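What follows is each chain in one-letter form.
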Amino acid sequence: MPPKCIACTILTTKKHNPSDEFTVVYFRPTVDYPDGWTGHPENAEWFCAEHLPLTEGLTDLSALEATKQIRAQLTQDKA
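We now turn to the structure provided with this report. Small disclaimer: the values here were computed from a predicted structure and weren't measured.

The helix and strand inventory of the chain stands at two helices and two strands. What you see in the chain, going N to C, is helices and strands ordered as α-β-β-α. Within the span of the chain, comprising 79 residues, buried residues form 30% of the whole. For the chain, the share of sequence-separated contacts (at least 6 apart) that also reach a separation of at least 24 residues comes to 56%. Carbon and sulfur atoms make up 55% of the accessible area of the chain, which totals about 5,500 Å².

Ranked by size, the top nonpolar core spans 15 residues in total, and within it C5, A7, F27, F47, L58 and I70 carry the most contacts. Elements with a contribution of two residues or more to this core: helix 1 (6-10), strand 2 (44-48) and helix 2 (63-78). If sequence neighbours within four positions are ignored, A7 has contacts with F47, H51, L54, I70 and L74.

Here we come to the pattern of salt bridges. Applying the stated criterion across every chain yields a total of one salt bridge. Here R28 makes a salt bridge to E65, at a shortest N to O gap of 2.9 Å. Of the two residues, R28 sits in the loop between strand 1 (22-26) and strand 2 while E65 sits in helix 2, which places them 37 residues apart along the sequence. Exposure remark for R28: the relative accessible area of 35% places this residue in the partly exposed category.

Let's shift gears to the packing of aromatic side chains. By the definition in use, this model includes two aromatic pairs. Relative to F47, the ring of F27 has its centre 6.2 Å away and its plane inclined at 65°; by these criteria the two rings are edge-to-face. Residue F27 is located in the loop between strand 1 and strand 2, and its partner F47 is located in strand 2; the two are separated by 20 residues in the primary sequence. F47 shares its class with F27; the two are buried.

With 16 residues, helix 2 extends 22 Å between its outermost C-alpha atoms, agreeing within 8% with the 22 Å of an ideal straight helix rising 1.5 Å per residue. Those residues of helix 2 not exposed but buried are A63, A66, T67, I70 and L74. What you see down the axis of helix 2 is that its buried residues fit within an arc of 100°, all on one side. Away from its buried face, by an angle of more than 90 degrees, helix 2 presents the exposed residues L64, K68, T75 and Q76. On its buried face, helix 2 sits against helix 1 and strand 2.

What counts and what doesn't
- Residues numbered from 1 in each chain as written.
- Predicted model: local features only at pLDDT ≥ 70, side-chain atom pairs only at ≥ 80, totals over all residues.
- Heavy atoms only, no water.
- Helix = DSSP H or I, 4+ residues; strand = E, 2+ residues; numbered from the N terminus.
- Buried < 20%, exposed > 50% of the residue type's maximum accessible area, 1.4 Å probe, protein only.
- Contact = heavy atoms within 4.5 Å.
- Areas by Shrake-Rupley, 256 points an atom, 1.4 Å probe, with all protein chains shown as cover.
- Core = buried A, V, L, I, M, F, W, Y, C linked by side-chain atoms within 4.5 Å.
- Salt bridge = Lys/Arg side-chain N within 4 Å of Asp/Glu carboxyl O.
- Phe/Tyr/Trp six-rings, centres within 6.5 Å; stacked < 30°, edge-to-face > 60°.
- Expected span 1.5 Å × (residues − 1).
- Arc of directions from axis to C-beta.

Limitation: the analysis is restricted to geometry and does not speak to function.
Below, the structure written as structure tokens:
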């Protein structure tokens, strides 16, 4: 499955960013995984190049908390 920017999916217009440049951002983990665990951790979210700056200063938050702040910022920018 290709990366999907969490910020693009938050936008009510469901904007699709055609960029092939994505970065995974690790926020504060809230789950301890056992040794040998594989999969996508709950604290990792993909961002396109356009929305990557929205993560600055938020990596000390959980992914859920950061997503709420990013959503608020995107809502404010649309107004």
